[in-house]
Amino acid sequence: MITHPRTEELAESVRLWIDEIRPTLDPRNAFLARVAANAMATIYRELTQGPAAEARAVEGMREVLGSDGDFAALNAELCERIRSGELGVETPGLLPMLAAMARDQIAIDQPSYRPEGTPPPAA
Amino acid sequence: MTVDVRAALETLAARLGGEGAKLTEAQRLSGGASMETWAFAFDGAGGAERLILRRRSVPFDPETARSVSLQTEARLIQATGANGARVPTVRHICDDQDGLGEAYVMVRVDGETLGRKITSDPRFDAVRPALARQCGEALWGIHKTPPPADMNLKVVDGTIELDRYEEVYRATGAQRPILELAFQYLRKHVPAPVEPTLLHGDFRNGNIMFDPQAGVAAVLDWELAHVGDPAEDMGWICTNSWRFGRPDRPVGGFGDYADLLEGYRAAGGRAIELSRVRFWQMLGSLRWGVMCLTMYLSWRDGMVKSVERPMIGRRVSETEADLVVLLEEGL
């Protein structure tokens, strides 16, 4: 991949432009433009954080499942073995692994979201 | 069919306010994909009236819809209101003469519905500690009304809900291990059946009009009304997606479980165990996760083109982040 500009920089430049024109739009389009800017920000985070998150997920799933494969194959196997009841909340390592995956994914999709269990914001 | 709502409201003003009644305001408020809300006002023989019109903008299909018709919604508001529930006053149920399609009119209630304002705006600091208890009281005001037999409201319980949402989830083709685990876990923890009551069905922060002084002013948005476990309505307002940045305050981002349950019981409702509420709360996160997936699919399959839809698809991970904590804590 070329670096001048990098893909995430393209995404960032589009997001900044959308934010620039937002104040000129009617309320409905201003709202949609905000959503579009958020989408560009998500793309940016996925490009920059996604590969490491996926690598961690692959490693975690390999460990819990005792199998090998790429993300899609491991994820499908994990789903199937939970669905069949073979794996459950009592399975050693399963919940911590899923919690780590959820943390990585929310950091990409919606970093401002405060999940269940988050302490109150500092006053 | 495009309806000129403004023109129809002129005619409606004359019908409600008497000949010569003048429309003094008509503006469209928020709207979903299929529902429009209009604020309007007129000066008539009986004085000025400030009203809200709620109308469906796409045809209603009772076979596939999860929601009830607007006529049913209006009649439920009337029935529960007559029984003391905190609901708006229905002014008029529209008919063919009004040319507005499926619609009804209610008296405008002042206050705030934006969830984040309720949880964080200093205007609500004083009343906030009272809100969870008031929500319990408001729920009993709804649940105590017997479900009108002629409305054929859907009856659901935990297993029916799990079946329904699992079917929808499977049909999406998505593979999400945390949702799988939530289905499996909840199926093992379905609470014992209770006598079903009338439920609001969408009782959450965002669908309640709050007054900065008095608290709960009116429970709005009745389209998902059905019959089932009273703890379902409690669990939904405790689902973290509707706490607007305050997960430390489980009821709507403003209050505690104990106040909600105690308000309900003190008003006359039965005592409800917290674990039952937590079951429905967890199912609420799961249900919202599946709904986010279907909203993404409505875009992928070309039904809705708005950029909003694929982005809502990325909200599945918020429900996963919540579900995994609930799974760790256990019910």
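Please read all numbers here as calculations on a predicted model, not as lab measurements. (Residues numbered from 1 in each chain as written. Chains lettered and ligands numbered in written order. Predicted model: local features only at pLDDT ≥ 70, side-chain atom pairs only at ≥ 80, totals over all residues. Heavy atoms only, no water.)

Thoughts on the nonpolar core
Then, number 1: Counting 91 residues, the largest nonpolar core has Leu78(A), Leu98(A), Cys135(B), Phe210(B), Ile237(B), Phe254(B) and Leu286(B) as the members making the most contacts within it.
Then, number 2: Ranked by residue count, the leading element in this core is helix α9 (residues 274-300) of chain B, at eleven residues.
Then, number 3: Both domains that furnish three or more residues to this core are identified here as domain 1 (5-107) and domain 2 (115-329) of chain B.
Then, number 4: Among residues more than four places away in sequence, those in contact with Phe210(B) are Gly111(B), Glu112(B), Ile118(B), Phe124(B), Leu131(B), Cys135(B), Asn205(B), Gly215(B), Val216(B), Ala217(B) and Phe254(B).
Then, number 5: If you look at the next biggest cluster of nonpolar residues, it comprises 19 residues, including Val3(B), Leu16(B), Leu23(B) and Trp38(B). (Core = buried A, V, L, I, M, F, W, Y, C linked by side-chain atoms within 4.5 Å. Buried < 20%, exposed > 50% of the residue type's maximum accessible area, 1.4 Å probe, protein only. Helix = DSSP H or I, 4+ residues; strand = E, 2+ residues; numbered from the N terminus. Domains from an automatic or database assignment. Contact = heavy atoms within 4.5 Å.)

Focus: the state of the cysteines
Residue and element names in this part refer to chain B.
Then, number 1: Tallied over the full model, the rule gives zero disulfides over all chains.
Then, number 2: Cys 135 supplies the cysteine sulfur nearest to Cys 238, a cysteine that is in no disulfide, at a spacing of 9.2 Å.
Then, number 3: Judged by relative accessible area, Cys 238 falls into the buried class, the value being 0%. (Disulfide = S-S within 2.5 Å.)

Examining unusual backbone geometry
Then, number 1: Residue Pro5(A) follows His4(A) across a cis peptide bond; omega there is 5°.
Then, number 2: Topologically, Pro5(A) is positioned in the segment before α1 (7-21).
Then, number 3: We note that Asp221(B) has phi near 55°; this positive angle belongs to a residue other than glycine.
Then, number 4: Note that Asp221(B) resides in the loop between β8 (215-219) and β9 (226-228).

Structural measurements only, silent on function.
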